[in-house]
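# Architecture and fold: a report
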Amino acid sequence: AQSVTQPDIHITVSEGASLELRCNYSYGATPYLFWYVQSPGQGLQLLLKYFSGDTLVQGIKGFEAEFKRSQSSFNLRKPSVHWSDAAEYFCAAHGGGGGNKLTFGTGTQLKVEL
Amino acid sequence: GAVVSQHPSRVICKSGTSVKIECRSLDFQATTMFWYRQFPKQSLMLMATSNEGSKATYEQGVEKDKFLINHASLTLSTLTVTSAHPEDSSFYICSARPGLAGTEQFFGPGTRLTVL
């Protein structure tokens, strides 16, 4: 079955420190991959996406993610975290084609210590 | 571009009443819209896929008579929670997909439903 796993439920980092949020997927073929951010009581905002090509993807707000086929991973990174980055982060995958659904990971709650 | 709105953003209703939530794509036509439900501190669970002009496709375990979905135009889908009960209290999020078979979805800001 298709699935997306985010192993870390909670992560706490100090402001200015680097960040890496993990995401692993299980699909028959390489899916399209997404990272979304959700602030409390808000909808989802797309940070970045990977469809094909360069495996290092740049997104908004200084985020980037690297697709590693050998590890079935799509980890999100930021070199220096800001207090405003505190939020819930969701990794998601889509198998491509109109009949497929977007499958979400369980999310990682990021707390930023000042 | 690619903005999706939801209305209302927050609703409180009495048990037994029905509540309608609107999802609109403001600057694009959405052949397909999706309705998700999110419980506190959990991920989004897909409830149903709504295609313009046809019946919605519900996920397993979602009561179609409880959660009525109408997608009457390319820019509007509605979710009606009928005879709401406290266990229906949740955060409901819609998304819209432009075109016929694209993969990217654009999400609305969500609707917080509280049933007393």
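Read on for an overview of the structure. (Residues numbered from 1 in each chain as written. Chains lettered and ligands numbered in written order. Predicted model: local features only at pLDDT ≥ 70, side-chain atom pairs only at ≥ 80, totals over all residues. Heavy atoms only, no water.)

## Remarks on the overall build of chain A
To keep things clear, this is the line we draw: Going along the chain from the N terminus, every DSSP run of H or I of four or more residues is numbered as a helix, and every run of E of two or more is numbered as a strand. All radius of gyration figures rest on C-alpha atoms, and the globule criterion is 2.2 Å times the number of residues raised to 0.38. Using a 1.4 Å probe on the protein chains alone, a residue whose accessible area is under 20% of its type maximum counts as buried, one over 50% counts as exposed, and one in between counts as partly exposed. Contacts are assigned to residue pairs with any non-hydrogen atoms lying within 4.5 Å of each other. Residue exposure ignores everything except the shown protein chains as possible cover, and the areas themselves are Shrake-Rupley values with a 1.4 Å probe. Under the convention used here, Asp and Glu are negative, Lys and Arg are positive, and both His and the chain ends fall outside the count. Charge positions come from single atoms, namely NZ of Lys, CZ of Arg, CG of Asp or CD of Glu.
A tally of regular secondary structure across chain A gives zero helices and twelve strands. Order of helices (α) and strands (β) in chain A, N terminus to C terminus: β-β-β-β-β-β-β-β-β-β-β-β. Taken against the 2.2 N^0.38 rule, which gives 13 Å for 114 residues, the C-alpha radius of gyration of chain A at 14 Å falls within 12% of a compact globule. Within the span of chain A, comprising 114 residues, buried residues form 44% of the whole. Within chain A, counting contacts between residues at least 6 apart in sequence, those at least 24 apart form 53% of the total. Summing over all exposed atoms, chain A offers an accessible surface of approximately 5,500 Å²; the carbon and sulfur share of this is 48%. One way to put it: in chain A the 9 positive side-chain charges average out to a point 7 Å from where the 9 negative ones average out.

## A closer look at unusual backbone geometry
Residue and element names in this part refer to chain B. The residue after H7, namely P8, is reached through a cis peptide bond having omega 0°. Tracing the backbone shows P8 in the loop between strand 1 (4-7) and strand 2 (10-13). Residues other than glycine seldom take positive phi values, yet S83 does so here, at roughly 45°. Counting through the fold element by element, S83 comes out in the loop between strand 8 (76-81) and strand 9 (90-98). A residue is classified by how much of its surface remains accessible, and S83, at 34% relative accessible area, is partly exposed.

## Notes on the interface of chain A and chain B
Filter applied, for reference: We define buried area as the total accessible area lost by two parts upon association, computed with a 1.4 Å probe and summed across both. For this analysis, a salt bridge means a side-chain nitrogen from Lys or Arg found within 4 Å of a carboxyl oxygen belonging to Asp or Glu.
Each partner contributes to the interface: chain A provides 22 residues, whereas chain B provides 17 residues. Between chain A and chain B the total buried area reaches about 1,500 Å² when both faces are included, carbon and sulfur atoms providing 55% of it. Its largest share of buried area at the contact with chain B, chain A owes to A:L44, A:K101 and A:F104, together 27% of the area lost on that side. A salt bridge links B:E59 to A:K101; its shortest N-O distance comes to 2.6 Å.

## Looking at the nonpolar core
All names here are of chain A. Rule in force here: To form a nonpolar core, buried Ala, Val, Leu, Ile, Met, Phe, Trp, Tyr and Cys residues must be joined to one another through side-chain atoms within 4.5 Å.
The biggest cluster of nonpolar side chains holds 27 residues, and the ones touching the most others in it are L19, W35, L47, L48, F74, L76 and Y89. Listing elements by their share of this core, those giving two or more residues are strand 2 (10-14), strand 3 (19-21), strand 5 (32-38), strand 6 (44-50), strand 8 (64-68), strand 9 (73-78), strand 10 (87-94) and strand 12 (108-113). In terms of residue count, strand 10 provides more of this core than any other element does, four residues in total. With sequence-adjacent residues up to four places away left out, L19 is seen in contact with I11, V13, F63, L76, R77, K78, V81 and L110.

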